[in-house]
Amino acid sequence: MGTDNGGMDVIAAALRLTVNGEDREFAGPLSVLALVEQLGLDTRKVAVELNREIVPRSTYAQVALREGDALEIVHFIGGG
Amino acid sequence: MDGYLAKDDAWHVAGRAFGSRLIVGTGKYKDLPTTAAAIEASGAEMVTVAVRRVNLSDPKAPMLQDYVSPSRYTYLPNTAGCFTADDAVRTLRLAREAGGWNLVKLEVLGPPPTLYPDMPATFEAAAALIKDGFEVMVYCADDPIAAKRLEDMGCVAIMPLGAPIGSGLGVQNPLMIQMIIENAKVPVLVDAGVGTATDAAFAMELGCDAVLVNSAIAHADDPVLMARAMKAGVEAGRLAFRAGRMPRRAAANPSSPTTGLIR
């Protein structure tokens, strides 16, 4: 938190991501957890795939997103 | 429960026991409250669900989980909409992460108008899912050879269609359903085709372990009442199967004694 960022300068650079097929811009740096929260979603009700790999819920806070990352964020809906 | 439908008649899949032999889908309802009420009336303990992208423009929209609690019902995520093994595996990996549960319903369908199970693609997806640690309940053709092969591959339940999805035509090929049941050591469920309570009862009388119903409930004029009817139909069919029906005979046979008549 604060200025403790592992010695790197924190630049609030624009971060372009593809989320559920939509190209969107966010302020970086951004973790999966921060993204899900910014999107207004409840982490307990969704699952996230990053560049076609599952992101375990327990690691959302640790996984940093990078320019050009593609995410799928899904949930359960009615189905037969 | 009236004692005839005791817990000792549970069926088992993936190490879990289920008292209800009716699995219901959660699709096609007009809204989530009706979905919840119909599922409650059905007495089902397992419900099928689909996995889809969240709507980013309306993140606070009510979710299925808010109405059909995953802590009360066992969610059975399906692969509806997947046409390749790769899509099915990706979808169910997401479902496993979302639900924390590896029991899944595999369905790989061919194109409309039949939506008939695509069996080569189903075999391929089943193999990939089993390799990935999933417990696969598989929707399939009413083909005893295909059903046996799926069982031998390690599928935990075989789910042949009674009739095309959403057709409500009932079990069209009871002979093949019966052959599949007789040859299987894992549970056999009729999935797809049930149109009304008699169809569910008929499927259970054939000896199915359970029946999966969605459209017949969701598209009834009164879904909640039909859900209750399906519960009764499945129970009636199960009890009749256990009771063992009388032999069919070509000639009449009076029900009352023919002796001791007054003169």
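Every value quoted in this text rests on a predicted model; they were computed, and no experiment measured them.

S.K.: Quick question: what am I supposed to make of the overall build of chain B here?
M.R.: Tallying secondary structure elements over chain B gives 9 helices and 10 strands in all. In summary, chain B has a C-alpha radius of gyration of 20 Å against a globular reference of 18 Å for 263 residues, a match within 12%. Reported as C-alpha extents along the three principal axes, the dimensions of chain B are approximately 85 × 40 × 35 Å. Across the 263 residues of chain B, 50% fall into the buried class. The long-range fraction of contacts in chain B, counting pairs at least 24 apart against all pairs at least 6 apart in sequence, stands at 66%. Approximately 12,500 Å² of chain B is accessible, and the part contributed by carbon and sulfur atoms is 55%. Looking at chain B, you have 25 positive and 28 negative side-chain charges, and the mean spots of the two groups are 3 Å apart.

S.K.: I'm lost on the pairing of strand β8 (residues 157-160) of chain B in this one. Help?
M.R.: Two faces, one strand: in a regular strand the side chains alternate between the faces of the sheet. Both faces of β8 of chain B are covered, namely the face carrying A157 and M159 of chain B and the face carrying I158 and P160 of chain B. For the crossover that starts at strand β7 (residues 135-140) of chain B, traverses helix α5 (residues 144-153) of chain B and ends in the parallel β8 of chain B, the hand is right-handed.

S.K.: What am I meant to see in the side chain of D69 of chain A here?
M.R.: Residue position: D69 of chain A is located in the loop between β4 (53-55) and β5 (70-78). Beyond its immediate stretch of four places on either side in the chain, D69 of chain A contacts R16, L17, T18, L50, N51 and A64 of chain A.

S.K.: Explanation requested: the interface of chain B and chain A in the structure shown.
M.R.: With 31 residues of chain B at the contact, the number on the chain A side is 28 residues. Between chain B and chain A, the buried area comes to about 2,800 Å², and carbon and sulfur atoms account for 58% of it. When the buried area of chain B at its contact with chain A is split by residue, R53, L56 and E97 of chain B rank highest and sum to 25% of it. Counting the contacts that link chain B with chain A gives 17 residue pairs in polar contact (both at pLDDT 80 or more). Of all the elements, helix α3 (residues 85-99) of chain B adds the most residues to the side of chain B that touches chain A, at 8 residues. Per-class residue counts for the side of chain B that touches chain A are 13 nonpolar, 8 polar and 10 charged. In the sheet, β5 of chain A pairs with strand β4 (residues 46-53) of chain B via 5 bridges, with the strands oriented antiparallel. Each residue of the ladder has a partner; that of F76 of chain A, found in β4 of chain B, is V51 of chain B.

S.K.: Looking at this structure, I do not really get the pairing of strand β10 (residues 210-213) of chain B. What am I missing?
M.R.: Residue and element names in this part refer to chain B. Burial of the side chains of β10 extends over both faces: A210 and L212 are buried on one face and V211 and V213 on the other. Sheet topology note: the strand β9 (residues 189-191)/β10 ladder contains 3 bridges and is parallel. In the strand pairing of β10, D191 is matched with L212. The parallel pair β9 and β10, bridged by helix α7 (residues 197-205), forms a crossover whose chirality is right-handed.

S.K.: I'm lost on the pattern of salt bridges in this one. Help?
M.R.: Side chains that carry opposite charge are capable of pairing whenever their charged atoms lie near each other. Residues and elements named next belong to chain A. One pass over the structure, following the stated rule, counts 18 salt bridges over all chains. The salt bridge involving E67 is made with R16; its shortest N-O contact spans 2.8 Å. You can see E67 sitting in the loop between β4 and β5 and its partner R16 sitting in strand β1 (residues 14-19), a full 51 residues away along the chain. Judged by relative accessible area, which is 42%, E67 ranks as partly exposed.

S.K.: I tried to follow the confidence of the model for chain A on my own but got confused; where do I start?
M.R.: Reading predicted coordinates in detail is not appropriate for stretches of low pLDDT. Across chain A, pLDDT averages 87, with 85% of residues at or above 70. Within chain A, no element has a lower average pLDDT than strand β2 (residues 22-27) of chain A, which sits at 92, and none a higher one than strand β3 (residues 47-50) of chain A, at 96.

S.K.: For this particular structure, what's the right way to read α3 of chain B?
M.R.: Along an α-helix, residues three or four apart share an orientation, since each turn contains 3.6 residues. Residue and element names in this part refer to chain B. Taking 1.5 Å of rise per residue, the 15 residues of α3 would be expected to cover 21 Å, and the 21 Å separating its terminal C-alpha atoms lies within 8% of that figure. For α3, the full list of buried residues reads A85, A88, V89, T91, L92, L94, A95, E97 and A98. Of the residues one or two after α3, G100 is the one with positive phi, at around 65 degrees.

Cut-offs and rules
- Residues numbered from 1 in each chain as written.
- Chains lettered and ligands numbered in written order.
- Predicted model: local features only at pLDDT ≥ 70, side-chain atom pairs only at ≥ 80, totals over all residues.
- Heavy atoms only, no water.
- Helix = DSSP H or I, 4+ residues; strand = E, 2+ residues; numbered from the N terminus.
- Rg over C-alpha atoms; globule rule 2.2 N^0.38 Å.
- Buried < 20%, exposed > 50% of the residue type's maximum accessible area, 1.4 Å probe, protein only.
- Contact = heavy atoms within 4.5 Å.
- Areas by Shrake-Rupley, 256 points an atom, 1.4 Å probe, with all protein chains shown as cover.
- Lys, Arg positive; Asp, Glu negative; His and termini not counted.
- Charge placed at Lys NZ, Arg CZ, Asp CG, Glu CD.
- Right-handed = clockwise from strand over helix to strand, strands pointing away.
- Buried area = accessible area lost by both parts, 1.4 Å probe.
- Polar contact = N/O pair within 3.5 Å; in protein donor to acceptor, adjacent residues only side chain to side chain.
- Nonpolar A, V, L, I, M, F, W, Y, C, P; charged D, E, K, R; others polar.
- Pairing = 2+ DSSP bridges.
- Salt bridge = Lys/Arg side-chain N within 4 Å of Asp/Glu carboxyl O.
- pLDDT = per-residue confidence, 0-100.
- Expected span 1.5 Å × (residues − 1).

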